[in-house]
Amino acid sequence: MPTDLRVSNISKIYPGCIANDKVSLQFKSGKIYALLGENGAGKSTLVKILSGVISPDNGEVFLNEKSLKLNSPLDAKKNKIGMVFQHFNLFETLSVFENLSIDTNEDNKNLRVKINDILKKYNFSIDLDIPVLNLSAGQKQKVEIIRCLLRNPKVLIMDEPTSVLTEQETDELFISLKKFCDEGILIIYITHKLKEVLSLCDEVAVMRKGKVVSVSQTEDEKIETLANKMVGQKLAKIKKKNNNLKNKVEIFKVKHLNFYSNDPFETNLENINFSVKKGECLGIAGISGNGQNELFQILSGEIITSNTSIIFRNKEIAQLNPKQRREYLMAFSPEDRISQAAVPELKIYENVALNNFKSSNFFEKGLVNEKKIKEHSKKILTDFSVNTDNVELKSQFLSGGNLQKLILGRELITAPELLICYNPTWGLDVGAINYIHETLLKINDQEKSTILISTDTEELLKLSDRIAVIYKGKLSRIMPSEEVTPEKLGVLMGGGSIDKN
Amino acid sequence: MIKIEKRNDVPTTLYFLTPFIAIFLTIIGGGIIFYFLGFNPIEALKFFFVTPISNLYGFSELLLKATPLCLIAIGLSFCFKSNNWNIGAEGQLTFGAIVGGGVALLFYDQEGFYILPTIIIAGALGGMFFALIPAVLKTYFNTNEILVSLMLVYVSKLLLDYLVVGPWSNPEGFNFPETRQFSNSARMPLLFEGLRIHAGIFLALLAVMLSWFVLYKTYLGFQIKVSGLSLKTAKYAGFKGKTMILVVFMISGACAGLAGVGEITGPIGQLHRMISPDYGFTAIIVAFLGRLNPFGIIFASLIVALTYLGAETAQIFLQIPKYTGQVFQGMILFFLLASDYLLFFKIKILSLKKNDLRH
């Protein structure tokens, strides 16, 4: 029997923001539907309503013309609506099989048969008896999908499923999703990646500021048209620059970087060597958890390693702490905005004072020079178009994009010779991403260098002059970005090899 | 089903108001306990909280007890604000008193203006040294400062025990476990004739002023604040984490040492086993009740000092053991933590229907 899922006039209002504003959409089995939108467009709210996590203020959900009361995720499960969230709900130390058996009443023998059938049918290769922590992100996602499939779902909702996957894993996922679709499962695919919409989905609904702004067939759409609908304004296209770096001097050089950790949740780094030229952007790609955290902390001086040589502007800095490195005109923008790069409970100007370089005079003779810090903060707020001019505001009231602008502003206003940033646009909306990309390109134009550690391949291709991939703590060959394609990166990020023999 | 969620923004006014709510609830709770013990709760509470300070002598006793509490809590606030859990202030107080008392005993038959300052400095250095032990072990050997600082309390108490019964015991003291009386030059000057309140209170007030200045106006204070909120950020900003741990422990130890010296050169006048009724532990409650804020700590130390006095009065008039004071201190901490929990988290009760448990 075909499935027909309809949401009618759904509204959900949070204090100060309308998350869903009279949303009406219809989905029918046999097709893959994309739900496209920026961060905060209301996709997640709608999906949470469909999966029973929150209930709407207004409006109804119909499944095959029957009105559904979805008061809890269990209601959604009972009505055969399955959901795979972006962040996995798995117990890392339990085996795959144990994870799958947690929320069923079936006895283990039957369950194992059922799971094996699914594995065979969809060509999944997962060892059921190893702990989940040994699985790759793609395999973990498969476990989540199997968990849904065990309930014979009519509807399967995927929330930004590819954010943690390699190119290969993404391809595999798409093949599986198409198979599910052919079998009559209705698939709703939430994303902000335009290419995926075009290559996977049949129909696309675009949301903006809580409203559905367009519903169309994907074959009638192009990346540019979808992007315009999603952002609601013409996107200024950032051109990949073509810098001539041949005659530029090397300003940063890392030799024999090794790091061994006793902590099983940290990645060891093995013999990493690279250099960065003046005005160059070196991109370091990789799936998260392959050593980027450790690499960033060693480059910033938060972790000091012995035997490593880091030369910056002809000086050995490997034994210096972050503050001392800043004095040599390095700047750092870590991935974790909220608990590392800034403290939400601190006021804006206090967060600015974290980058306390010698010439700033923020702290003269050990005393706080509040006036100076506030003046400096005001300048950052205007120069980097943060949408407030109140330096006394607690940083927790800034949106992710504005907080990141503040952090980048704080790091860049000292005119550093080298900026090291790690996932600078993680979780931001398109407007903020564009702003940050432009800023990063601008500093390269001003002959300043950047090291961009990122899990976003598109971003790396857009900004980098040369790219290397980090996989399990080892760095690949560094390639000029003209040579690099998303596919090549995907292979390397997944642990494959692209060099023949 | 019960769901607990973090509140995103807690109003500052409410944050400083909750200690008052905790005190209010403590008084109610105390009344209930008195009722079940068979006393008229209103009357008993009056004996506990009003009678002790109804005359000038009582008020002087209140300030006398609040002085060490305030000093120690000020020191602890440096540690707690920067995420260092020094709970061994009692030991640092004792060790400070041993070192200060040792100096006082050297001068037992001498007079001179220089004697008291020397004792004070020696006591502060003693406390500082004793606090450095858990700090150094934490920074260089990764030990847990909670355990080390706590266990060192017993080390210093036993050392004091040994000294007062052994080498330092009063040769003319008929084998009582106590030292000689200190000379007059080794005693804190009294502020008023006939009252026990002494000059040590100025040390406490000085500590309040200085700590306010350091915490809110200096680079060290800024580093302490950031480290307390996020150690990751402190590391990222390149603060010298190890140095800071050593510094806050030294400040904390010095304050506790000063409190110890204040006791032995003030009301006690010699060394014996019972130089402190657990001021070092009670000051932890004072620090949190005062919200780690220097001026809040003044207020909190007065309140908690009152529980000491109230317990003594209650023992005299109601014949209940003076340990009820500790019951009250415990209740203050309990209600403070409980109201803090409700302040920072909200509890949601979600309806759960019977058949929801089945699929």
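Being a predicted model, the structure only gives us computed values, none of them experimental.

1. Structural notes on the overall build of chain A
Moving on, step 1. The number of helices and strands found in chain A is 17 helices and 23 strands.
Moving on, step 2. Across its three principal axes, chain A shows a C-alpha extent of roughly 75 × 55 × 40 Å.
Moving on, step 3. For chain A, the proportion of its 501 residues judged to be buried stands at 44%.
Moving on, step 4. Taking contacts inside chain A between residues at least 6 apart in sequence as the whole, the part at least 24 apart equals 68%.

2. Considerations on the overall build of chain B
Moving on, step 1. For chain B, the count of helices and strands is 13 helices and two strands.
Moving on, step 2. Residue burial in chain B is summarised as follows: out of 359 residues, 47% are buried.
Moving on, step 3. Taking all contacts inside chain B whose residues are at least 6 apart in sequence as the whole, residues at least 24 apart take part in 77%.

3. Some points on the packing of helix 7 (residues 200-217) of chain B against helix 10 (residues 241-268) of chain B
Residue and element names in this part refer to chain B.
Moving on, step 1. Contact pair helix 7 / helix 10: the axes reach a minimum separation of 10 Å and the direction vectors enclose 165 degrees. When the axes of helix 7 and helix 10 are compared, the pair comes out roughly antiparallel. At the point where helix 7 passes helix 10, the crossing takes the left-handed sense. In this structure, helix 7 contributes Gly 200, Leu 203 and Ala 207 to the contact, and helix 10 contributes Cys 255, Leu 258, Gly 262 and Gly 266.
Moving on, step 2. Here the residues of the contact of helix 7 with helix 10 sort into four nonpolar, three polar and no charged.

4. What to know about the nonpolar core
Moving on, step 1. Among the nonpolar cores identified, the biggest contains 170 residues, and B:Ile72 and B:Ala73 are the most heavily contacted of them.
Moving on, step 2. Sorting elements by how many residues they give to this core places helix 3 (residues 56-81) of chain B first, with 14 residues.
Moving on, step 3. With residues up to four places along the chain from it excluded, the contact list for B:Ile72 reads B:Ala89, B:Leu93, B:Cys255, B:Ala256, B:Ala259, B:Tyr279, B:Gly280 and B:Ala283.
Moving on, step 4. One finds A:Ala41, A:Met83, A:Ile190 and A:Val204 within the second-largest nonpolar core, a separate group that totals 56 residues.

5. Thoughts on the confidence of the model for chain B
Residues and elements named next belong to chain B.
Moving on, step 1. Chain-level pLDDT for chain B is 92 on average; 97% of the residues reach the 70-or-more range.
Moving on, step 2. Mean pLDDT values over the elements of chain B span from 79, in strand 1 (residues 2-6), up to 97, in helix 4 (residues 89-106).
Moving on, step 3. Scored below 50 in pLDDT, residues 354-359 shows five contacts in the model against residues more than four places distant or in partner chains.
Moving on, step 4. What the predictor reports for the complex is a pTM of 0.73 with an ipTM of 0.79.

6. What to know about the sheet that holds strand 12 (residues 269-277) of chain A
Each strand in a sheet pairs with another by means of backbone hydrogen bonds, the pair being arranged parallel or else antiparallel.
Residue and element names in this part refer to chain A.
Moving on, step 1. Here we have four strands laid out as an open sheet, ordered 12-11-14-15, and antiparallel in their pairing. At either end of the open sheet lies a strand with only one pairing partner, and these are strand 12 and strand 15 (315-316).
Moving on, step 2. Alignment of strand 11 (residues 250-259) against strand 12, held across six bridges, turns out to be antiparallel. Bridge pairing links Lys 253 to Ser 275 in strand 12.

7. Looking at the domain arrangement of chain A
All names here are of chain A.
Moving on, step 1. Segmenting chain A into domains produces domain 1 (4-231), domain 2 (249-329 + 417-501) and domain 3 (339-414).
Moving on, step 2. Among the elements of the structure, helix 10 (322-327) and helix 15 (430-445) are those that each provide at least two residues to the side of domain 2 that touches domain 3.
Moving on, step 3. When residues in the side of domain 2 that touches domain 3 are grouped by element, the largest group, five residues, is from helix 15.

8. Observations concerning helix 13 (residues 324-344) of chain B
Residues and elements named next belong to chain B.
Moving on, step 1. The end-to-end C-alpha distance of helix 13, which contains 21 residues, comes to 30 Å, matching closely the 30 Å that a straight helix rising 1.5 Å per residue would cover.
Moving on, step 2. All of the buried residues in helix 13 are Thr 324, Gly 325, Phe 328, Gln 329, Met 331, Ile 332, Phe 335 and Leu 336. With its buried residues spanning 155 degrees around the axis, helix 13 presents them on a single face. Pointing more than 90 degrees away from the buried face of helix 13 are the exposed residues Leu 337, Tyr 341 and Phe 344.
Moving on, step 3. Lining the buried residues of helix 13 we find helix 1 (12-36), helix 11 (279-289) and helix 12 (294-318).

9. Regarding the interface of chain B and chain A
Moving on, step 1. In this assembly, 16 residues from chain B lie in contact with 27 residues from chain A.
Moving on, step 2. When residues of the side of chain B that touches chain A are traced back to their parent elements, those giving at least two are helix 8 (219-229) and helix 9 (231-237) of chain B.
Moving on, step 3. Its residues placed into classes, the side of chain B that touches chain A shows seven nonpolar, five polar and four charged.

10. Focus: helix 3 of chain B
Residue and element names in this part refer to chain B.
Moving on, step 1. Given a rise of 1.5 Å per residue, 26 residues ought to cover 38 Å, and the 36 Å separating the end C-alpha atoms of helix 3 matches this to within 8%.
Moving on, step 2. At Ala 66, helix 3 shows its maximal bend, which comes to roughly 30 degrees, and the proline Pro 68 appears one to four places after that position.
Moving on, step 3. One or two residues past the end of helix 3 sits Asn 83, with phi positive at roughly 70 degrees.

11. Regarding the sheet that holds strand 8 (residues 186-191) of chain A
All names here are of chain A.
Moving on, step 1. An order of 6-7-8-3-9-10 is seen for the six strands of this open sheet, with the pairing classed as mixed. Each edge of the sheet is formed by a strand with only one pairing partner; in this case those strands are strand 6 (81-84) and strand 10 (211-217). Averaged over all pairs of adjacent strands, the angle between their axes in this sheet comes to 20 degrees, without regard to strand direction.
Moving on, step 2. As paired strands, strand 3 (residues 32-36) and strand 9 (residues 203-208) are joined by four bridges and run parallel to one another. Bridged to Leu 36 within strand 9 is Val 206.
Moving on, step 3. Packed onto the sheet, helix 1 (residues 43-50) meets strand 3, strand 6, strand 7 (155-159), strand 8 and strand 9 and runs at close to 145 degrees relative to strand 7.

12. So, the environment of B:Val103
Residues and elements named next belong to chain B.
Moving on, step 1. Among the structural elements, Val 103 can be located in helix 4.
Moving on, step 2. Since 21 C-beta atoms lie within 10 Å of it, Val 103 is described here as buried.
Moving on, step 3. Separated by 44 residues in sequence, Val 103 and Leu 147 place their C-alpha atoms 30 Å apart.
Moving on, step 4. Once residues lying within four places of it in the same chain are set aside, the contact partners of Val 103 are Thr 118, Ile 119 and Ala 122.

13. Considering the pairing of strand 11 of chain A
Moving on, step 1. Bridging between strand 11 of chain A and strand 14 (residues 309-312) of chain A involves four bridges; their strand directions are antiparallel. Residue A:Lys255 lies in a different strand from strand 14 of chain A, and its bridge partner there is A:Ser309.

14. A word on the pairing of strand 7 of chain A
All names here are of chain A.
Moving on, step 1. Within strand 7, five of the five residues are buried, which leaves it mostly tucked inside the rest of the structure.
Moving on, step 2. Here strand 7 shows two buried faces, one formed by Val 155, Ile 157 and Asp 159 and the other by Leu 156 and Met 158.
Moving on, step 3. Pairing analysis gives four bridges linking strand 6 to strand 7, with the strands arranged parallel. For Gly 82, the partnering residue across the bridge sits in strand 7 and is Leu 156.
Moving on, step 4. Summarising the sheet, strand 7 and strand 8 pair through five bridges and their orientation is parallel. Bridge pairing in strand 8 places Val 155 opposite Leu 186.

Here is what the cut-offs are and how they apply
- Residues numbered from 1 in each chain as written.
- Chains lettered and ligands numbered in written order.
- Predicted model: local features only at pLDDT ≥ 70, side-chain atom pairs only at ≥ 80, totals over all residues.
- Helix = DSSP H or I, 4+ residues; strand = E, 2+ residues; numbered from the N terminus.
- Buried ≥ 20, exposed ≤ 12 C-beta atoms within 10 Å, placed from the backbone.
- Contact = placed C-beta atoms within 7 Å.
- Axes fitted to C-alpha atoms, helices over the stretch in contact; angles between N-to-C directions.
- Parallel < 35°, antiparallel > 145°, perpendicular 65-115°, else oblique.
- Left-handed = near helix turned anticlockwise from the far one by under 90°.
- Nonpolar A, V, L, I, M, F, W, Y, C, P; charged D, E, K, R; others polar.
- Core = buried A, V, L, I, M, F, W, Y, C linked by C-beta atoms within 7 Å.
- pLDDT = per-residue confidence, 0-100.
- Pairing = 2+ DSSP bridges.
- Domains from an automatic or database assignment.
- Expected span 1.5 Å × (residues − 1).
- Arc of directions from axis to C-beta.
- Bend = angle between axes of the 7 residues up to and from the residue.

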